[in-house]
Amino acid sequence: MRLLKLVPDNTNIGFVSLRYWAFGLTAFLSLAAVALVGVRGLNFGVDFVGGLMIEAKFEQPPELDAVRHNIDALHVGEASLQQFGSKNTVSIRLPLPHSTDEGATNTLIRKVQASLGAQYPGVVFNKADTVSGKVSDELIRNGIVAVILAMVAIALFGWFRFEWQFGVSTFVAILHDVLMTLGFFAITRLEVDLNIVAAVLTIVGYSINDKIVIDDRIRENLRKYRQMDIHALIDLSVNETLPRTVMTSLTILLALGSLLIFGGEVLRGFTAAMMLGVVVGTYSSIYVSSSLLITLGIGARRTVDTPAGPRGNAERVSGPRV
Amino acid sequence: MLDFPRWKILWIIALLTFGVVLALPSLMPEATQARIPVVSLMPRFNLGLDLSGGSHLLLEADTADLARQELQKKEEEVRTEMRRGTPQIDIGDISTAGGDLSFFVRDVAQLDAAVERARTLTNAVGVTGQRDWNVAVVDSTRIVMTPSKAGLAKATEDAMKVATEVVRKRIDELGTREPTIVREGSQRILVQVPGLQNPEALKSLLGKTAKLDFKLVDVDADPAAVAAGRAPVGDQIFPFANDGRGGNRGGTGNLAVKRLGGISGDELIDAKLAYDQQNQPVVSINFNGSGTRKFARLTQENVGKPFAMILDNQVLSAPRINEPILGGQAQISGSFTVDSANELAIALRSGKLPVALKVIEERTVGPQLGQDSIRAGTIASAIAAVAVIVFMFVTYGRFGGYANLAVVINIFVILGVMAILGATLTLPGIAGFVLTIGTAVDANVLINERIREERRRGRSIIQSVELGYKEASRTIFEANVTHAISGVVMLMLGSGPVKGFAVVLLIGIATSVFTAVTFTRMLVAIWLRHARPSEIHI
């Protein structure tokens, strides 16, 4: 049986020689992402800005203007509408009523539901969220703290387990991944809610996973080939792990792709973010974190390092032997 | 490395079988679960509200209200203590403005004694020797009592303990199934009720502190002063309650009642919905022994006079006492509907809330959406699993097959562990599953690629497999630790759905190391030992 090999044996792509182009592109994309987020802003859901959200599923895709008109007639504040998926489902966002009465939000929800129900018989209300400003402030703060904490903790791990250069390069690469993800949300205007925080943290986790594998190989090769030029050594390490990088990225993309297509409306933004994260994370493993190691001067001291173990004299063999 | 003694093999198989068996009850339909006695006793994981449908409420204690109550209580205590002790200390000009309690001691000679007595009303908090109130003398004549931070924190803690129990009792009375009621932080309670579609009744029930008082109406009070909100000496003023239909219950404007000599709702032992002679819904209550005696005395001494029933500082009604009530039973009237009377009865039965609670977050998910999400999630997971399995098999042949077996078992083991922990499966949790399928095979990809590499370097089959597992294991460990770091952060800081995702992710990381590394190594070892292949296709 012939097995599939995505990356041919002894692939040797000169990743490192392209690194200045890659740094330029990375810097440009990161700045563009920051600018995009600054200019267009993010479409925060009620989780993060507070307010009231009702999700309605219509029998036919409704005219958004007609729905807006219907709600405007109730004078309950400015409604923002968003369709998703099959266009049958519309999320309606409203500001919270200015009342401390416990029943006020329910009265408001009922009013909107009754009014829409009269105009569109058969409409089903799937979901209603009310988040006060106090809670939404906390949720957004916790979300930001969580992402930063995860990044710092992981960078520290990289530092302790390897060398400080690994920690720094990993941190920069993850920062790039997070910025890309935010830029993606600024462009697509997909709603940023609590689930997206989980998606971002997963991207951080995955991206790290990918970098650790390559870093681990670089460390191993640093001990093995003590005389090899650092450029060649990093190219070798990236190329050696390339089959694994491609294979793992593809399996995860396969799994996420199935979730994107069949997983339903609620998870769509979440899944899209993670797929983007896998691609961006893979790119940054190769171009940002590994190449950055050279700039940071990894391996400068290695000739005075502790002597290599028994694996030290392992040679590199070309061509498959039977 | 590839040496697997029989006992080790048996252990691994037993452990995995145990995990898979634990997962099964949660996957059976409810009817089947109930029929098999063993299954009904086994632990199950829960479905989050986003999958089961239902209501989620986050309640927060009104600490300002609590501080006000504490201040009022302390004022009563100080008045009593100064009057009751010997010699009696004459105090005046009591003020509770600005969150402090301050009063004037008329006789300067008694100032030290007054401070002494005020100090006896404070308690030590915690182990640091701090007290719940600080007593100080200002301008040589005034005593100022300030609640300390630790004192307020303790008051909040005590109130929240009671409040959580009261909330639990009230929700239990609604007869919903398996509600979740947990404290969150120092002053919040999270309530989740699966299946509840309209949280309105629940909210209005939880919104009631249910502080009930019976007080005599002061019939001599000046109506103009009362209307303006000025209480005559020894009186308190309460507004009439809103009846929810634009009018007021029982009367309009304010009512002046005597501050002292009333009976509080604390002495109730039961409250239930009943109907009066006009067939109007009322709440029938029973007092305990001392309450019965007090109520009998109050009604005996005041026949013909009106008394007010005050709930949460609003007057429900002020009926006239027609005859002494000696049996300890009374009816609370005040234009109730059947629902509102029943709600009040529940609130009274479950005791009063020591602090007002406000709803600060509310989420409702319809049952249809949850069902759709479960179906979509299951289909997506199945397709993802099949796609990954085919891909792995095409790429690594037999070794891919072993990895696939490990992944499938891993899915069940994760569910089994979730069942033991009583964890909650949420919609992002399902996404976590799909992601785990993807990342679990990463371990096998690492191992298999390493074996390929070692074969290319010309090592023997056994050596390649051994080195492949050994070298890859270190990488797998490091990669999983970092992945787990982000999972732990999510678990600590995430709320609701994010937590559900983190739980699956963390359990998946732990179990996948076992299935993807230990279990597949065992399978490979057994195969190598029995087949003794001269070549491996990988």
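Quantities reported herein were computed from a predicted structural model and do not represent experimental measurements.

Enquirer: When you look at the overall build of chain B in this model, what are you seeing that I'm missing?
Expert: On a plain count of helices and strands, chain B comes out with 16 helices and 21 strands. Relative to the globule expectation of 24 Å for 538 residues, the C-alpha radius of gyration of chain B, 34 Å, shows a markedly less compact shape. Along the three orthogonal principal directions, the C-alpha set of chain B runs to about 110 × 60 × 40 Å. The buried share of chain B, reckoned over its 538 residues, is 45%. Long-range pairs, those at least 24 residues apart, make up 69% of the contacts in chain B with a sequence separation of at least 6.

Enquirer: Looking at this structure, how should I read the overall build of chain A?
Expert: Within chain A, the regular secondary structure consists of nine helices and four strands. What you see in chain A, going N to C, is helices and strands ordered as α-α-β-α-β-β-α-β-α-α-α-α-α. Within chain A, buried positions represent 45% of all 322 residues.

Enquirer: Explain the sheet that holds strand E7 (residues 133–138) of chain B here, please?
Expert: Note: strands within a sheet are paired through backbone hydrogen bonds, in either parallel or antiparallel orientation. Residues and elements named next belong to chain B. One open sheet holds the four strands; their spatial order is E3-E4-E8-E7, and the pairing between them is antiparallel. Two strands close off the open sheet at either side, each with one partner strand: strand E3 (91–95) and E7. Neighbouring strand axes in the sheet, compared pairwise and without regard to direction, differ in orientation by 20 degrees on average. Here three bridges tie E3 to strand E4 (residues 101–105), and the two strands are oriented antiparallel to one another. Residue glycine 92 lies in a different strand from E4, and its bridge partner there is phenylalanine 104. In the packing of helix H6 (residues 111–120) onto the sheet, contacts are made with E4, E7 and strand E8 (142–147), and the angle to E7 comes to roughly 170 degrees.

Enquirer: Quick question: what am I supposed to make of the packing of helix H12 (residues 367–396) of chain B against helix H14 (residues 427–456) of chain B here?
Expert: The axes of two packed helices give the description: the angle between them and the distance between them. All names here are of chain B. The interhelical angle for the contact between H12 and H14, taken along N-to-C directions, is 10 degrees, at an axis separation of 9 Å. Taken together, the axis directions place H12 and H14 in an arrangement best described as roughly parallel. Residues Ser373, Gly377, Ala380, Ser381, Ala384, Ala385, Val388, Met392 and Tyr396 of H12 pack against Leu427, Ile430, Phe433, Val434, Ile437, Gly438, Val441 and Asn448 of H14. Of the residues contributing to the contact of H12 with H14, the split by class is 12 nonpolar, five polar and no charged.

Enquirer: Which parts of the structure should I look at to understand the domain arrangement of chain B?
Expert: One widely used convention gives an interface's size as the accessible area the parts lose upon coming together. Residues and elements named next belong to chain B. You can read the domains of chain B as domain 1 (6–53 + 367–531), domain 2 (56–62 + 154–362) and domain 3 (64–151). If you average the C-alpha positions of domain 2 and of domain 3, the two centres end up 30 Å apart. Listed as interface residues are eight residues of domain 2 and, on the opposing side, eight residues of domain 3. The dominant element in the side of domain 2 that touches domain 3, judged by the number of residues it contributes, is helix H7 (residues 149–173), at four residues. Its residues assigned to classes, the side of domain 2 that touches domain 3 shows five nonpolar, one polar and two charged.

Enquirer: How should I be thinking about the sheet that holds strand E16 (residues 281–287) of chain B in this particular structure?
Expert: Residue and element names in this part refer to chain B. The sheet built from three strands is open, its strands ordered E15-E16-E19 with antiparallel pairing. The open sheet has two edge strands, strand E15 (268–275) and strand E19 (329–332), and neither has a second partner. On average, adjacent strands in this sheet sit at an angle of 25 degrees to one another, irrespective of strand direction. Here E15 runs beside E16; their pairing, made up of seven bridges, is antiparallel. Looking at the pairing, tyrosine 275 lines up with proline 281 of E16.

Enquirer: So what exactly am I meant to see when it comes to the interface of chain B and chain A here?
Expert: The interface is formed by 67 residues belonging to chain B together with 64 residues belonging to chain A. Elements supplying a minimum of two residues to the side of chain B that touches chain A: helix H8 (200–207), strand E20 (357–365), H12, H14, helix H15 (461–493) and helix H16 (497–531) of chain B. The biggest single contributor to the side of chain B that touches chain A is H12 of chain B, with 16 residues. Among the residues making up the side of chain B that touches chain A, the classes are represented as 33 nonpolar, 21 polar and 13 charged. When strand E4 (residues 124–131) of chain A meets E20 of chain B, the two strands line up antiparallel, connected through five bridges. Within E20 of chain B, the position partnered with lysine 127 of chain A by the bridge is valine 365 of chain B.

Enquirer: Help me out: how do you make sense of the nonpolar core in this one?
Expert: One broad trend across soluble globular proteins is that nonpolar side chains are buried collectively. Of all hydrophobic cores here, the largest spans 208 residues; its most connected members are Leu201, Val204 and Ala255 of chain A together with Ala163, Leu348, Val388 and Val434 of chain B. With 16 residues, helix H7 (residues 194–224) of chain A is the largest single contributor of residues to this core. Excluding residues that lie within four positions of it along the chain, leucine 201 of chain A makes contacts with Ala146, Val147 and Ala150 of chain A together with Ser486, Val489 and Met490 of chain B. Counting residues in hydrophobic clusters, the runner-up holds 12 residues, among them Phe103, Val105, Ala114 and Ile143 of chain B.

Enquirer: What is the right way to read the confidence of the model for chain B from this model?
Expert: Reading fine detail from the predicted coordinates is not recommended where pLDDT is low. Per-residue confidence for chain B averages 84 on the pLDDT scale, and 97% of its residues sit at or above 70. A low-confidence stretch, residues 244–249 of chain B (pLDDT under 50), is modelled with 11 contacts involving residues beyond four sequence positions or located in other chains.

Enquirer: So what exactly am I meant to see when it comes to H7 of chain A here?
Expert: Helical periodicity: at 3.6 residues per turn, an α-helix aligns residues three or four positions apart in one direction. With 31 residues, H7 of chain A extends 45 Å between its outermost C-alpha atoms, agreeing within 8% with the 45 Å of an ideal straight helix rising 1.5 Å per residue. Counting buried residues in H7 of chain A gives 27 out of 31 residues, a clear majority hidden from the surface.

Enquirer: What is the right way to look at unusual backbone geometry in this model?
Expert: Of note in this structure, histidine 75 of chain A is not a glycine but carries a positive phi near 50 degrees. Along the chain, histidine 75 of chain A falls in the loop between helix H3 (64–72) and strand E2 (80–84). In this model, serine 140 of chain B sits at a positive phi of 60 degrees, which is unusual for a non-glycine residue. With respect to the helices, strands and loops of the structure, serine 140 of chain B is situated in the loop between E7 and E8.

Enquirer: Explain the domain arrangement of chain A to me, please; I cannot follow it from the model alone.
Expert: Partitioning chain A into structural domains gives domain 1 (16–43 + 136–302) and domain 2 (51–131). For domain 1 of chain A and domain 2 of chain A, the distance between their C-alpha centroids amounts to 39 Å.

What counts and what doesn't
- Residues numbered from 1 in each chain as written.
- Chains lettered and ligands numbered in written order.
- Predicted model: local features only at pLDDT ≥ 70, side-chain atom pairs only at ≥ 80, totals over all residues.
- Helix = DSSP H or I, 4+ residues; strand = E, 2+ residues; numbered from the N terminus.
- Rg over C-alpha atoms; globule rule 2.2 N^0.38 Å.
- Buried ≥ 20, exposed ≤ 12 C-beta atoms within 10 Å, placed from the backbone.
- Contact = placed C-beta atoms within 7 Å.
- Pairing = 2+ DSSP bridges.
- Axes fitted to C-alpha atoms, helices over the stretch in contact; angles between N-to-C directions.
- Parallel < 35°, antiparallel > 145°, perpendicular 65-115°, else oblique.
- Nonpolar A, V, L, I, M, F, W, Y, C, P; charged D, E, K, R; others polar.
- Domains from an automatic or database assignment.
- Core = buried A, V, L, I, M, F, W, Y, C linked by C-beta atoms within 7 Å.
- pLDDT = per-residue confidence, 0-100.
- Expected span 1.5 Å × (residues − 1).

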